[in-house]
Amino acid sequence: MATAGVVVEEAVRRYAGGKPAALLPALLGLLSRQQPSSGWARALASQLHADVAKRPLSAAASNSLLCYYLRSSRLDLALHHLRCRSTPRDSLTYNTLLNHLPASSSSSTTFRLFRFAMRHAHSAFHPNVASLLSLLRASSSYSDHFLHMIHAYLLKTPASIHTPVANSLLSLYATLGDFASAAILFGEMPDRDVASWTSMIGACLGSGYADQALRLFREMLADGALQPDGVVVVVVLRACAMLEDVRAGASVHAVATRRGLQGDLFVDNSLVDMYAKCLDLRSARKVFDLIAVKNVVSWNTMLSGLVHAGSYPEALHLLALQIGVVGDETTLAVLLQLCKKKRLGGQAARSVHGAAIRRRLLSMALLNALLDAYGKCGLVEDVLRLFQGMRERNVITWSTVIAACAHNGRPHAAMACFVAMLETGERPNSITVLSLVEACGSCAEMWASRRAHGVAVRSGLGFELAVGNALVHMYGKCGELGASARVFDTMPVKDVLTWNSMIGALGMNGRARDALALLHRMEAEGDEVRPNGVTMLAALWACAHGGLVEEGIGCLESMARQSLQPRVEHVSCVVDMLARAGDLDGAAEIVRRSSGGGSPAAWSALLSACRRRGDGGGGEVGRSAAARVLELEPGKSAGYLMSMGMGLGKGWAAGMRWAMREKGVKVESGHSVVQHAGGSERFVWWDGAHPRRAEVYAMLHLLHRHMKHHHTDADIQYICQCQVDNN
């Protein structure tokens, strides 16, 4: 450094003495290699700039001055110097200009300069490898058609055979998702290095061909000429994680160990991620513990892997160990996942929100995650408050808010939010439409359901499988079986959820025989789609509420032929079916024969049937059902209340009340929720505090009298008078 400074100082002294023209090219060459931020370099550049305008320059001196301008980020001076008629130009001039463009230059600037060189230099311009790499870097922001044009030009130049140029072109094809062109180029490459294989493996992975990526990696190892580096190992580990192939991942782990790459933090973090996504938490934790110096990515990878695998207690324990490591945005996102899945509650989500505000980590992705967490915790008001304070919103933001309102009993708020979304010009995606359809189904309003269907069709999403399934379910909940059947019949592709939705809709609306006919059609048609446990549950429910006992027993027996193990829900449904038909002994026998002597749900179904029967609750069957329910669920009030309602006498009811007091069982008041245009109304049994209780009880009085066929004009006058008094 000292010698270079002496040389520059001596050159400047001699030039300042007489300003000889012969010294100018050497001085400009020294200047182009200095740091542009140094003060003396800027002063010398200004002096030389003035001298250049007074005397002719050689091409070498001109290129050195041009290089300094570009390294100093003075693109305006470089272009002004280039456009000057007295500036000598050769192929090196244009290559210098393209090679040293500032990093802030746009892609269009690179292309304009390249066209300028091709147009003005004619045959004198021969782009070198560095210029072609600059051109390819600029191509990354354009379409694949434009890249094909660049590829065609490269084939006409000798530089196309250089491996760095081919690698850059291959990487661009991979980035744009043009797997076919990448494969052709890779096959035609005369020489391949590790970067070539890495780019091609990445192209396979980006196009969803993870198995082909692993095959290419094996070919690379079998060739033996090249040794894998950390970058290609990380890409291949991503392929193993995508396939959830822990054996292949362990093989790649062994290759990395033999190559001495396990100390690489980037490789170690990828190994933890791969093992966690393959649900091999033991290996993931082993690799994690062996990392000598962990960064925040290491902790985030291990935490997200535990959450992904459902090991929430272990994730909380690991979080407690994360002392001294400042989390980032990803850490907060993982914590929000814990808030939703571990049910830590809304207070934990609010704490994460506060931490994000203090650390200024309020990106749109994290805000959307907060909206989702608040919605999953049932905090709709927090969702709306945060949403209203967001300056920027995307389709994910709107979809999350609509889903939060729909899932938490606010369907009309979800619809209003959707209308506001359309007014802003944001286009809905399939998730948005699914949430809207769910909201319309929950309020069971046909006008809203038809509009949601229209939105799905106009958005081009009406024939998507998930949207079609949701529409079938929505119309079924609204009782519009004709519309539900039309959607079902026009769906080009049906999965098991499609059939389940239609069978459930028929059973829900009292069409039990049609539901069974559709089940038989499903069994006859599909080799690809077969009934599952949910299908059989929908069929059994239809039989139970349609009085089809023999058909229901046949459905239960057919489950064994289809290798479907009856679950608690199926047994409970069969018990309810037999009990509704009056066969309490048969229902009790089904419960006793079920695994474990019957579940609480099965015995509760039998007890409920005994209570509905009255007249002593079915005798010994009712008493044994009550005893089993109270034995299995002693802390729940439902069993005691059903037992008291079996009509076994005042002494029996008094004994149930005494047992409830002894065990501290509290009765939760039964309530119903009615949706209307302004929101929802909650009605508690014999509610005396509701603001419109007079109207409610007057309407109940009218309905009771109407059902007894004693409806008169006096009743109508009574209702009207109550409404006037209330207003």
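In every chain, residue numbers begin from 1 and rise along the written sequence. In keeping with the model being predicted, local features are shown solely for residues with a pLDDT of at least 70 and side-chain atom pairs are shown and tallied solely at 80 or more, while totals for entire chains, interfaces and linings include all residues. Computation of side-chain values covers all heavy atoms of the structure but excludes hydrogens and water.

J.: Can you walk me through helix 12 (residues 194-206) in this structure?
T.: One turn of an α-helix holds 3.6 residues; hence residues three or four places apart share an orientation. Labels follow the DSSP assignment, with helices taken as runs of H or I lasting at least four residues and strands as runs of E lasting at least two, numbered in each case from the N terminus. In a helix, the anticipated span is given by 1.5 Å times the number of residues less one. Here helix 12 is 13 residues long and its end C-alpha atoms lie 18 Å apart, about the 18 Å a rise of 1.5 Å per residue gives. Relative accessibility thresholds used throughout: buried, under 20% of the residue-type maximum; exposed, over 50%; partly exposed, between the two (1.4 Å probe, protein chains only). Taken together, the buried positions of helix 12 are occupied by Val-194, Ser-196, Trp-197, Thr-198, Ser-199, Met-200, Ile-201, Ala-203, Cys-204 and Leu-205. Note on contacts: a residue pair is in contact if any heavy atoms of the two residues lie within 4.5 Å. If you follow the buried residues of helix 12, they end up packed against helix 10 (163-175), helix 11 (179-188), helix 13 (210-223) and helix 14 (230-243). Residues adjacent in sequence count toward polar contacts only when both atoms are side-chain atoms; beyond that, a polar contact is any pair of N or O atoms within 3.5 Å, and within protein one must be able to donate a hydrogen and the other to accept it. For helix 12, the N-terminal cap is Asp-193; the gap from its side-chain oxygen to the backbone nitrogen of Ala-195 is 3.2 Å. Remark: Gly-208 follows helix 12 within two positions and exhibits a positive phi of approximately 90°.

J.: What am I meant to see in the packing of aromatic side chains here?
T.: To describe a pair of aromatic rings, you give the distance between the ring centres and the angle between the ring planes. Stacked, edge-to-face and tilted labels apply to pairs of Phe, Tyr and Trp rings (six-membered ring for Trp) whose centres lie within 6.5 Å, assigned for plane angles under 30 degrees, over 60, and everything in between, in that order. In total, this model carries five aromatic pairs according to the counting rule given. Geometrically, the ring pair formed by Phe-186 and Trp-197 is edge-to-face, given 5.1 Å between the ring centres and 80° between the ring planes. Taken together, the residues Phe-186 in helix 11 and Trp-197 in helix 12 connect sequence positions eleven residues apart. Since its relative accessible area comes to 7%, Trp-197 is described here as buried. Taken together, a centroid distance of 5.1 Å and an interplanar angle of 80° make the contact between Phe-488 and Trp-499 edge-to-face. With a gap of eleven residues between them, Phe-488 in helix 29 (residues 481-490) and Trp-499 in helix 30 (residues 496-508) connect regions that are remote in the sequence. No difference in accessibility class separates Phe-488 from Trp-499, as the two residues are buried. Geometrically, a lysine NZ or arginine CZ counts as sitting over a ring once it is within 6 Å of the ring centre and also within 35 degrees of the ring normal. Across from the ring centre of Phe-288, 5.0 Å away, lies the NZ or CZ of Lys-294, which sits over that ring. The residue whose ring lies beneath Arg-393 is Phe-387, and the NZ or CZ to ring-centre distance is 4.0 Å.

J.: I would appreciate a short explanation of the nonpolar core in the present structure.
T.: Buried together is how nonpolar side chains tend to be arranged in soluble globular proteins. Formed by 105 residues in total, the largest nonpolar core has its most connected members in Val-401, Val-575 and Leu-606. Excluding its chain neighbours within four sequence positions, the residues that come into contact with Val-575 are Ala-587, Ile-590, Val-591, Ala-602, Ala-605 and Leu-606. Counting 58 residues, the second-largest nonpolar core is a separate cluster that includes Val-234, Val-235, Ala-248 and Leu-338. The nonpolar core is taken to be a set of buried Ala, Val, Leu, Ile, Met, Phe, Trp, Tyr and Cys residues, with the residues joined through side-chain atoms within 4.5 Å.

J.: Which parts of the structure should I look at to understand helix 15 (residues 246-258)?
T.: With 13 residues, helix 15 should cover 18 Å at 1.5 Å per step; its first-to-last C-alpha distance of 18 Å lies within 8% of that length. Among the residues of helix 15, those classed as buried are Ala-248, Gly-249, Val-252, His-253, Val-255 and Ala-256. The arc that holds the buried residues of helix 15, viewed along the axis, is 160°, so those residues lie on one side. Across helix 15 from its buried face, at more than 90 degrees, point the exposed residues Arg-247 and Arg-258. Next to the buried residues of helix 15 lie helix 13, helix 14, helix 16 (265-277) and helix 17 (281-290). Between a side-chain oxygen at the N-terminus of helix 15 and the backbone nitrogen of Arg-247 the separation is 3.3 Å; the capping residue is Asp-245. This arc corresponds to the set of directions leading from the helix axis out to the C-beta atoms.

J.: Can you walk me through the packing of helix 16 against helix 18 (residues 296-308) in this structure?
T.: Angle between the axes and distance between the axes: these two values describe a pair of packed helices. Helix axes are fitted to C-alpha atoms over the stretch in contact, other axes to C-alpha atoms as well, and angles between N-to-C directions run from 0 to 180 degrees. Viewed as axis vectors pointing N to C, helix 16 and helix 18 meet at an angle of 5°, and their least axial separation amounts to 9 Å. Comparing the axis directions of helix 16 and helix 18 gives the class roughly parallel. Contacts from Leu-265, Asn-269, Val-272, Asp-273, Ala-276 and Lys-277 in helix 16 reach Val-297, Ser-298, Thr-301, Met-302, Gly-305 and His-308 in helix 18. Residue polarity is assigned by list, with Asp, Glu, Lys and Arg as charged and Ala, Val, Leu, Ile, Met, Phe, Trp, Tyr, Cys and Pro as nonpolar; anything else, Gly included, falls into the polar class. The class makeup of the residues in the contact of helix 16 with helix 18 is five nonpolar, five polar and two charged. Roughly parallel here means an angle under 35 degrees, roughly antiparallel means over 145, roughly perpendicular means 65 to 115, and every remaining angle is called oblique.

J.: Looking at this structure, how should I read the environment of Met-642?
T.: In this structure, Met-642 sits in helix 38 (residues 637-644). Taking the C-alpha atoms as reference points, Met-642 and Ser-608, separated by 34 residues in sequence, lie 6.4 Å from one another. Among residues more than four places away in sequence, those in contact with Met-642 are Ser-604, Leu-607, Ser-608 and Arg-611.

J.: How should the pattern of salt bridges be read in this particular structure?
T.: Any carboxyl oxygen of Asp or Glu within 4 Å of a side-chain nitrogen of Lys or Arg constitutes a salt bridge here. A full pass over the atoms with the stated rule returns twelve salt bridges. Across the pair Lys-277 and Asp-273 runs a salt bridge, and its minimum N-O distance is 3.4 Å. One end of the pair, Lys-277, and the other, Asp-273, are both in helix 16, four residues apart, so they sit about a helical turn from each other. Take Lys-277: its relative accessible area is 37%, and that puts it in the partly exposed class. Take Asp-273: its relative accessible area is 21%, and that puts it in the partly exposed class. Note that Glu-569 is salt-bridged to Arg-567, the shortest N-O span being 3.8 Å. Each of Arg-285, Asp-289 and Glu-314 takes part in one network of salt bridges that share partners.

J.: What's the story with the packing of helix 10 against helix 11 in this structure? I'm lost.
T.: Viewed as axis vectors pointing N to C, helix 10 and helix 11 meet at an angle of 160°, and their least axial separation amounts to 8 Å. Judged by the angle between their axes, helix 10 and helix 11 are roughly antiparallel. Considering only the axes of helix 10 and helix 11, their crossing is left-handed. Note on element contacts: helix 11 touches helix 10 through Ser-181, Ala-182, Leu-185 and Phe-186, opposite Ala-166, Leu-169, Leu-170 and Tyr-173. For the contact of helix 10 with helix 11, a count of residues per class yields seven nonpolar, one polar and no charged. Working rule for handedness: look at the near helix, and if it is turned counterclockwise from the far one by less than a right angle, call the crossing left-handed; if clockwise, right-handed.

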